[in-house]
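Understanding the architecture of this molecule
Chain by chain, the residues run as shown.
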Amino acid sequence: MTHRNLVILTGSGISAESGVPTFRAADGLWMGHRVQDVATPEAFARDPALVQDFYNQRRRQLAQVEPNAAHQALAELAARWDGDLLLVTQNVDDLHDRAHASTPPAAGFELIHMHGELLKAQCTATGQVLDWPGDLAPDQPSPFRPKGRLRPHIVWFGEWPLRMDRIEAALAACDLFVSIGTSGAVYPAAGFVQLANHAGARTVELNLEPSLGSRFFDDARYGPATEIVPAFFAGL
């Protein structure tokens, strides 16, 4: 079967082999912190110093990791794909961006960070976003409005993911949906496979182990991302 419109969803599992910590450990903690303490608007209002320090540390860690074979396989696919290819990532790291920078994609490619980007900051007063590779101070002033300040450009719990209209439109038009390295536990991304099924697309899960939504997929491959992702897309 020939596929033209492809939507790929990636989660923390694709970056784990690069050394990026996955979202939450088995004990429910995120790098030693409760999610409620570092990943909600209320946490930022309550203790901005703790929240900024948490993301400052994660930002510094990015300089120590590199895209792996799974990121590169997707970049090579995007460079040769003769059709529409939307890559939606739940990851806030820049490993997809780096992989595609070294292997420029074809015209039909688009990358969406639905949960924001670690190397960007957002004005609390206007919502405007700017590149920010360094540390953010607890009361970092915003260049966009005198009374505003900068926060991490991260979609926290209680906030709606970015560009959902574009993502849902692509899912409604796709004929192949591939989910890579996701737990199937976080919505709305966990529901993407059902939207793709409704559109009549072929749906494939590539993961270390079956996700919570594995029953919704037509096909699956399980194993390390650096092995199964290049193998799957090489034969596509």
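Residues numbered from 1 in each chain as written. Predicted model: local features only at pLDDT ≥ 70, side-chain atom pairs only at ≥ 80, totals over all residues. Heavy atoms only, no water.

1. Describing the sheet that holds strand β7 (residues 176-180)
Inclusion rule: Any two strands with at least two DSSP bridges between them are considered paired. Numbering of helices and strands runs from the N terminus, with a helix taken as a DSSP run of H or I at least four residues long and a strand as a DSSP run of E at least two residues long. Only C-alpha atoms enter the line fits that serve as axes; for helices the fit covers just the stretch in contact. Angles between N-to-C directions range over 0 to 180 degrees. In this analysis, two residues are considered to be in contact whenever any of their non-hydrogen atoms come within 4.5 Å of each other.
Ordered in space as β3-β2-β1-β7-β8-β9, the six strands form an open sheet in which the pairing is parallel. Bordering the open sheet on either side are β3 (109-113) and β9 (219-222), each of which pairs with just one other strand. Mean inter-strand twist for the sheet, computed between neighbouring axes without regard to direction, equals 15 degrees. The strands touched by helix α4 (residues 69-80) within the sheet are β1 (5-10), β2 (84-89), β3 and β7, with β1 carrying the most contacts at an inclination of about 165 degrees. Sheet contacts for helix α6 (residues 164-173): β1, β2, β3 and β7; angle to β2, the most-contacted strand, approximately 130 degrees.

2. Quick look at the side chain of Ser 18
What counts here: Accessible area is worked out with a 1.4 Å probe on protein chains only. A residue is then buried under 20% of its type maximum, exposed over 50%, and partly exposed in between. Two N or O atoms count as a polar contact when they lie within 3.5 Å, although within protein this holds only if one can serve as hydrogen donor and the other as acceptor, and sequence-adjacent residues are included solely when both atoms are side-chain atoms.
On the secondary structure map, Ser 18 appears in the loop between β1 and α1 (35-38). Among the residues examined, Ser 18 registers a relative accessible area of 14% and is labelled buried. Side-chain polar atoms of Ser 18 contact the backbone oxygen of Glu 66, separated by 2.7 Å. For Ser 18, the contacting residues outside a window of four places in its chain are Val 65, Glu 66, Pro 67, Asn 68, His 71 and Leu 95.

3. Digging into the domain arrangement of the chain
Put simply, an interface is often sized by how much accessible area is lost when its parts join up. Note the following rule: Domain start and stop positions are those given by an automatic or database domain assignment. Buried area: the accessible area, evaluated with a 1.4 Å probe, that two parts lose upon being put together, summed over both parts.
For the chain, the assigned domains read domain 1 (5-20 + 66-115 + 161-234) and domain 2 (21-64 + 116-154). With centres defined by C-alpha atoms, the gap from domain 1 to domain 2 works out at 25 Å. Taken together, the 14 residues of domain 1 in the interface contact 11 residues of domain 2. Across the interface of domain 1 and domain 2, roughly 1100 Å² is buried in total on both sides, 57% from carbon and sulfur atoms. Summed over the three residues of domain 1 that lose the most area to domain 2, namely Ser 12, Val 20 and Val 92, the buried surface amounts to 44% of that side.

4. Looking at the packing of α4 against helix α8 (residues 225-234)
Angle between the axes and distance between the axes are the two parameters that describe a pair of packed helices. Note the threshold: Put simply, angles under 35 degrees are roughly parallel, angles over 145 are roughly antiparallel, angles from 65 to 115 are roughly perpendicular, and the rest are oblique. We call a crossing left-handed when the near helix sits turned anticlockwise from the far one by less than a right angle, and right-handed when that turn is clockwise.
For the pair α4 and α8, the least separation of the axes is 7 Å and the interaxial angle reads 20 degrees. Judged by the inter-axis angle, α4 sits roughly parallel to α8. The chirality of how α4 crosses α8 is left-handed. Here Ala 69, Ala 70, Ala 73, Leu 74, Leu 77 and Arg 80 of α4 lie close against α8, whose contacting residues are Ala 225, Thr 226, Val 229, Pro 230, Phe 233 and Ala 234.

5. A look at the sheet that holds strand β6 (residues 150-154)
What links the strands of a sheet is backbone hydrogen bonding, and the strands pair in either a parallel or an antiparallel sense. Strand order across the open sheet formed by three strands is β5-β4-β6, with antiparallel pairing between neighbours. Two strands in the sheet have a free side with no partner beyond their single neighbour: β5 (129-131) and β6. The mean inter-strand angle of the sheet, taken between neighbouring strand axes irrespective of direction, is 45 degrees. By the bridge criterion, four bridges tie strand β4 (residues 116-123) to β6 in an arrangement that is antiparallel. Counted as the bridge partner of Ala 121 is Pro 152 from β6.

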